[in-house]
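# Survey of secondary and tertiary structure
One letter stands for each residue in the lines below.
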Amino acid sequence: MKTQEKKATKWILLIPATIIIVLVLIFPIILNITLSFQRYSLLFPQYNRFIGLENYRYFFTDPRFWNSLKITLYFTVVSVFIELVIGLFTAILLNQNFKMKVFLRILVVLPWAIPTVVNGVMWQWIFDSNYGALNGFLYQIGFIKEYINWLGSPFRALNCVVIADIWKNCWFFTIVLLGGLQAIPLEYYEAAYVDGANFWKRLTKITLPLLKPTLIISTVLRVSEAFKVFDIIYIMTKGGPADGTQVLSYFIYHTSFEALKLGEGAALSTIVTLFILSFAIILTTNLLKEEVEMSA
């Protein structure tokens, strides 16, 4: 009887958490997917009706969607790759024994801890064409003869946003990978050093293979965040100029809350979710397969 009472108590204690998960996570997802199969506009409610896959078919033939997807992929790949490289080598540096190591470890957390909106406003001021710090500095040292409108060109503005994102988020990789490096036994490096292995061989033969699970998980997390970036785009460029920085999340915002086409916005949200979910499943599945093969 006591064992049954304990089991019953466990299930009862799970009820509040289950209700919260259903209301906060599962119910909105189901509602969003249901809405994506409808023509649902707040401007013309009389035309709201079920239309099946029409919203999805429309976006896959819409040049604006493909342009936003291209911009999103560029932003994600470039920013995450550079963040990963900087974060990895910074983590390796901070894993060494030297003076002020603790101070530097605290220092790298600060940019990552800054709210994204604050980071966007700061970099918007830095890149400002009239009184920006970057133009002022380059002009003072004689590198430029006139101020540059950094956010006035679509491709240049996109790269400025990428720089702002890298400055803030590369330290995420530093923190996560530093934890992974500290879990690697020092005996491996000592044996490699005795065998005459240089830094590159130690990196490719010891560090990267043993850090692979941490690298994959952290990359999945960062790609998921970068793929649905919105706030820094909204603060710095608002999707412009000429839709040059209109990533998918900003396209969703424009469709749902400016054009008030909630059905189309829900379909876009579902597409973005499927992209992120597919990427995460592919990477984590490969990781699990390798772990099973190694354990076998």
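So, here is what we can say about the structure in this document.

### Comments concerning the overall build of the protein
If you tally the helices and strands in the protein, you get 12 helices and two strands. Counting helices and strands in the order they occur from the N terminus, the protein gives α-β-β-α-α-α-α-α-α-α-α-α-α-α. What you see for the protein is a C-alpha radius of gyration of 24 Å, clearly larger than the 19 Å of a compact globule of 296 residues, by over 25%. Viewed in the frame of its principal axes, the protein has a C-alpha envelope of about 85 × 75 × 30 Å. Each of the 296 residues in the protein was classed as buried or not, and the buried ones make up 36%. The contacts in the protein between residues at least 6 apart in sequence include a share of 67% that link residues at least 24 apart. For the protein, the accessible surface area stands at approximately 18200 Å², while carbon and sulfur atoms represent 70% of it.

### Considering the pattern of salt bridges
For the structure on display, the rule yields five salt bridges. Across the pair arginine 57 and glutamate 54 runs a salt bridge, and its minimum N-O distance is 2.7 Å. Placement of the pair is arginine 57 and glutamate 54 together in helix H2 (residues 54-60), with a separation of three residues, close to one helical turn. For the salt bridge of arginine 222 with aspartate 165, the shortest nitrogen-to-oxygen distance reads 3.1 Å. Remark: aspartate 165 occurs in helix H7 (residues 154-182) and arginine 222 occurs in helix H9 (residues 199-227); sequence separation between them is 57 residues. Given the relative accessible area of 6%, arginine 222 is considered buried. Of the residues examined, aspartate 165 reaches a relative accessible area of 6% and is grouped as buried. What you see here is one network of salt bridges that share partners, running through Glu83, Asp165 and Arg222.

### Section: the nonpolar core
Counting 45 residues, the largest nonpolar core has Phe75, Phe127, Leu181, Ile232, Ile233 and Met236 as the members making the most contacts within it. For this core, the element with the highest residue contribution is H7, accounting for 14 residues. Those residues in contact with leucine 181, other than ones at most four positions away along the chain, are Ala91, Ile92, Asn95, Tyr189, Thr207 and Leu211. Of all hydrophobic cores here, the second largest spans 13 residues; its members include Phe65, Phe227, Ile271 and Val272.

### Examining the side chain of threonine 72
Looking at the secondary structure, you find threonine 72 in helix H3 (residues 63-94). If near-sequence neighbours (up to four positions away) are discounted, threonine 72 is found in contact with Phe227, Val247 and Leu248.

### A closer look at unusual backbone geometry
Proline 241 follows glycine 240 through a cis peptide bond whose omega is -5°. Counting through the fold element by element, proline 241 comes out in the loop between helix H10 (231-236) and helix H11 (248-258). Unusually for a residue other than glycine, lysine 238 sits at a positive phi of about 50°. Topologically, lysine 238 is positioned in the loop between H10 and H11. Even without being a glycine, alanine 242 presents a positive backbone phi close to 55°. Structurally, the position occupied by alanine 242 is in the loop between H10 and H11.

### Observations concerning the state of the cysteines
Counted by the stated rule, this structure contains zero disulfides. Lacking any disulfide linkage, cysteine 160 is separated from the closest cysteine sulfur, that of cysteine 170, by 17 Å. For cysteine 160, a relative accessible area of 4% corresponds to the buried category.

### Comments concerning helix H5 (residues 116-126)
Turning to H5, its buried residues number three or more, namely Asn119, Gly120, Trp123 and Ile126. Projected down its long axis, H5 shows its buried positions confined to an angular sector of 120°, all on one face. Those residues of H5 hidden inside the fold are in contact with helix H6 (133-140), H7 and H10.

### Re H6
Every buried residue of H6 is listed here: Asn135, Gly136 and Leu138. Considering only its buried residues, H6 is in contact with H5. Within two residues after H6, glycine 142 carries a phi angle of roughly 80°, on the positive side.

### With respect to the packing of aromatic side chains
Under the counting rule described, the total for this entry stands at 24 aromatic pairs. A ring pair is formed by tryptophan 112 and phenylalanine 172, whose centres lie 5.9 Å apart and whose planes are at 45°; its orientation type is tilted. Taken together, the residues span a long stretch of sequence, with tryptophan 112 in helix H4 (residues 101-113) and phenylalanine 172 in helix H7 at a distance of 60 residues. Take tryptophan 112: its relative accessible area is 36%, and that puts it in the partly exposed class. Here phenylalanine 172 falls in the buried class, since its relative accessible area comes to 14%.

About the cut-offs
Residues numbered from 1 in each chain as written. Predicted model: local features only at pLDDT ≥ 70, side-chain atom pairs only at ≥ 80, totals over all residues. Heavy atoms only, no water. Helix = DSSP H or I, 4+ residues; strand = E, 2+ residues; numbered from the N terminus. Rg over C-alpha atoms; globule rule 2.2 N^0.38 Å. Buried < 20%, exposed > 50% of the residue type's maximum accessible area, 1.4 Å probe, protein only. Contact = heavy atoms within 4.5 Å. Areas by Shrake-Rupley, 256 points an atom, 1.4 Å probe, with all protein chains shown as cover. Salt bridge = Lys/Arg side-chain N within 4 Å of Asp/Glu carboxyl O. Core = buried A, V, L, I, M, F, W, Y, C linked by side-chain atoms within 4.5 Å. Disulfide = S-S within 2.5 Å. Arc of directions from axis to C-beta. Phe/Tyr/Trp six-rings, centres within 6.5 Å; stacked < 30°, edge-to-face > 60°.

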